[in-house]
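Observations on the model geometry
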Amino acid sequence: MVLRNGTRAAVAGGAVAFGFLLLVGVGTYAASGVPQTVSNSQLGLAPGTVPAAYAQLIQRAGSSCPEISAPMLAAQLYQESGFDAGARSPVGAQGIAQFMPGTWAEYGVDGNGDGKRDVWDPADAIPAAAAYDCAMARATIGVPGDRQANLLAAYNAGSDAVLRYQGVPPYAETQGYVRSIKALAQSFAAAAAPVAVSQQASGAIYFAQTKLGTPYEWGGTGLDGRFDCSGLMQVAYASVGITLPRVANDQWYAGQHPSRDQLRPGDLVFFATDLNDPRSIHHVGIYVGGGYMIDAPHTGAVVRYDTIDQADYIGATRVTQDGAAALPARDGNGTITGGSNPSPRP
């Protein structure tokens, strides 16, 4: 979380294959339903998108002011730290919301009611992050346009820049941050209507089908013709122009989450050791219909059809270009590096 205002910078087998071909041949299902108009404060989190320990904190803090929502706040926290309460950035940002010490001193809150303001305690840091968002909303309240976009721009570039430009400033970094958080928020939001189908789904399935029988390889991304589970999904969607992150528990956030009865061919299906914590996702496949997926299951196996009806099934993601593009980057150690950490501007 880089927080600043004006000039002050606080760096803060066969039957399955036949069914799949039939589905692709006749085309994917069309989504139906009438979109509902819901206020930000009423937007709920999709099941399984945040660790259960933080869900109520995020839901409650997400209604702190009209301009923010629980999914938007979850998107910020995920992009900042991946929900790691012990995260510490190279520039000194701390905790799940990545506050710099100086910014925390000004905006930290006692969410626990225990007389302490602890940046490492999500019960304090999550409502503090919402409080800062709301402060940015108040600072830009007279600016025309999308008030949520304006507050996100102020969060990234400072409220003075938003006031000066009377909207999101013409900084590529800030415009990208606003776009990413608004897109990523959709991956955390409970769907108010059936989720639209992906136009690229058939092509991704086709690629995965061509790899049936390929030996599994831990860490494989196809460079030697072999794949692990997330490597296969990454390359399958790359074949249709969508760049997915490398690991399965990041791919989980590449779009909205259809319910089990709304699954469509091309959805990514995920499996976790703890169904209350998406950070424990350990496996992913691509759904082909009829309760089956194509996946690269484990060492000693080959890319194959498997049932998704397993005890560790946590849910599905309908991949979108915008959702995938909004995901943060990770360094070689797995630490998120793509949050809102810009360099100070003049």
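Residues numbered from 1 in each chain as written. Predicted model: local features only at pLDDT ≥ 70, side-chain atom pairs only at ≥ 80, totals over all residues. Heavy atoms only, no water.

Some thoughts on the confidence of the model for the protein chain
Where we set the bar: pLDDT is defined as a per-residue confidence score from the predictor, taking values between 0 and 100. Note on contacts: a residue pair is in contact if any heavy atoms of the two residues lie within 4.5 Å.
Per-residue confidence for the protein chain averages 86 on the pLDDT scale, and 83% of its residues sit at or above 70. Scored below 50 in pLDDT, residues 339-346 shows 25 contacts in the model against residues more than four places distant or in partner chains.

Describing the nonpolar core
What counts, and what does not: Definition of nonpolar core: a set of buried residues of the types Ala, Val, Leu, Ile, Met, Phe, Trp, Tyr and Cys, connected through side-chain atoms within 4.5 Å. Burial classification: accessible surface area is computed with a 1.4 Å probe over protein chains only, and a residue below 20% of its type maximum counts as buried, one above 50% as exposed, and the rest as partly exposed. Runs of E in the DSSP output that reach at least two residues are strands. Runs of H or I that reach at least four are helices, and both are numbered from the N terminus.
Ranked by internal contacts, the top residues of the largest apolar core, which has 83 residues, are Ile58, Phe83, Ile126, Phe188, Tyr237, Leu268 and Ile286. Considering each element in turn, this core owes the most residues, 11 residues, to helix α5 (residues 122-139). What Ile58 contacts, discounting residues up to four positions off in sequence, is Leu45, Val50, Ala70, Leu73, Ala74, Leu77, Phe83 and Ile126. One finds Val269, Phe271, Met293 and Tyr313 within the second-largest nonpolar core, a separate group that totals 8 residues.

Focus: the state of the cysteines
Under the convention used in this document: Disulfides are defined in this document as cysteine sulfur pairs within 2.5 Å.
Taken as a whole, this structure holds 1 disulfide when the rule is applied. Here Cys65 connects covalently by a disulfide to Cys134, the sulfurs 2.2 Å from one another. Handedness here is read from the sign of the S-S torsion; for Cys65 and Cys134, about -95°, the answer is left-handed. Of this pair, Cys65 sits in the loop between α2 (52-61) and α3 (70-81) while Cys134 is found in helix α5, placing the two residues 69 residues apart along the sequence.

Section: the packing of helix α9 (residues 201-210) against helix α10 (residues 229-238)
Where we set the bar: Lines are fitted to the C-alpha atoms to define the axes, a helix being fitted only along its stretch in contact, and any angle between axes, read from their N-to-C directions, falls within 0 to 180 degrees. If an angle is under 35 degrees, it is roughly parallel; if it is over 145, roughly antiparallel; if it lies from 65 to 115, roughly perpendicular; otherwise it is oblique. Crossings are classed by handedness, with left-handed meaning an anticlockwise turn of the near helix from the far one by less than a right angle and right-handed meaning a clockwise turn.
Two elements in contact, α9 and α10, have axes separated by 8 Å at closest approach and are oriented at 130°. Taken together, the axes of α9 and α10 are oblique relative to one another. Regarding α9 and α10, the two cross each other, and that crossing is right-handed. Between α9 and α10, the contacting residues are Ala201, Ala204 and Phe207 on the first element and Leu232, Val235, Ala236 and Tyr237 on the second.

Quick look at unusual backbone geometry
Phi is positive for Phe83, close to 65°, though the residue is something other than glycine. Tracing the chain through its elements places Phe83 in the loop between α3 and α4 (101-107). Despite not being glycine, Gln166 has its phi angle at roughly 55°, a positive value. Looking at where Gln166 falls in the secondary structure, it is placed in the loop between α7 (159-165) and α8 (172-188).

Quick notes on the sheet that holds strand β6 (residues 292-295)
What counts, and what does not: We call two strands paired when DSSP finds no fewer than two bridges between them.
Judged by pairing direction, the sheet is antiparallel, and its 6 strands sit side by side in the order β3-β8-β4-β5-β6-β7 without closing on themselves. Pairing within the sheet leaves two strands with one partner each, and these edge strands are β3 (255-256) and β7 (304-307). Relative to strand β8 (residues 313-319), β3 runs antiparallel, the two being bridged by 2 bridges. Bridge assignment links Gly255 to a residue of β8, and that residue is Val319. On top of the sheet, α9 reaches β5 (281-289), β6 and β7; it is set at about 105° to β5, its chief contact.

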